[in-house]
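# Reading the structure
Here is what each chain is made of, one letter per residue.
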Amino acid sequence: MKKHLFLLLGLCACSLFGISCEDDEAPKVHYASSNGSIVDGVFNSDNMHFYGTATVTDENGNSFSDEEAWFEFAGDHETLTIYMHATRFAAAMPALDMRIHRMPYTPGQGASLSFTAASTVPQVRLPNAEGGGYSYQDMPSYTLTQVEGSVEDINCRIGFTCVVPNMGSFRMEYTGRLIIKD
């Protein structure tokens, strides 16, 4: 009887606190079939969200892959802001929200554009010093080099090298597909 009571209490706790008692499943991702955010090579719409794989290789050839990497593009007619949500360069590294802010791009044909930079200072989302909220702050010690990428209709590709203090040099390669945000 006690076993049944504990099981019933456990099920009630799951429903009260919104905890799923079923096996965890990967989030449902709905891929787009076309990209209306880039017209004649110019970004002109709502943010684009890409879901894919980020593979990071260290200077010794060891690699780490995040197969649920989420990148988001915002921008205007001249520059992009590329958000890297919960980015990690190694399995033991805590996930950071980073962005490349105001990256100039080159228009392509149709729904395509590309970008390159010899180096850029990324920004990391950190708590404000006053203890209220968060803001993006420059992280010159994490300067990205050999930055290159493109959006070709529904496909995105980004690569860069980052030297992380006390951890070494890392090459990040990302490929993703455009998703429809619910």
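Further up the page is the structure itself.
Note that the coordinates shown come from a computational prediction; the quantities given were computed from them, not determined experimentally. (Residues numbered from 1 in each chain as written. Predicted model: local features only at pLDDT ≥ 70, side-chain atom pairs only at ≥ 80, totals over all residues. Heavy atoms only, no water.)

Turning our eyes to something else, we now look at the nonpolar core. Counting 40 residues, the largest nonpolar core has Phe 73, Phe 89, Phe 115, Ile 158, Phe 160, Met 172 and Tyr 174 as the members making the most contacts within it. Considering every element that reaches this core, the biggest residue donor is strand E12 (residues 155-164), with five residues. Residue contacts for Met 172: discarding those within four places in its chain leaves Ala 54, Thr 55, Val 56, Phe 71, Phe 89, Ile 158, Gly 159 and Phe 160. (Core = buried A, V, L, I, M, F, W, Y, C linked by side-chain atoms within 4.5 Å. Buried < 20%, exposed > 50% of the residue type's maximum accessible area, 1.4 Å probe, protein only. Helix = DSSP H or I, 4+ residues; strand = E, 2+ residues; numbered from the N terminus. Contact = heavy atoms within 4.5 Å.)

A complete count under the given rule lists four salt bridges for this structure. A salt bridge links Asp 97 to Arg 125; its shortest N-O distance comes to 3.6 Å. Placement of the pair is Asp 97 in strand E6 (residues 96-104) and Arg 125 in strand E9 (residues 123-127), with a sequence separation of 28 residues. Residue classification places Asp 97 among the partly exposed positions, given a relative accessible area of 21%. In this structure, the salt-bridge partner of Arg 171 is Glu 173, at a minimum N-O distance of 2.9 Å. With a relative accessible area of 34%, Glu 173 lands in the partly exposed category. Linked through salt bridges whose partners overlap, the residues forming this network are Glu 148, Arg 157, Arg 171 and Glu 173. (Salt bridge = Lys/Arg side-chain N within 4 Å of Asp/Glu carboxyl O.)

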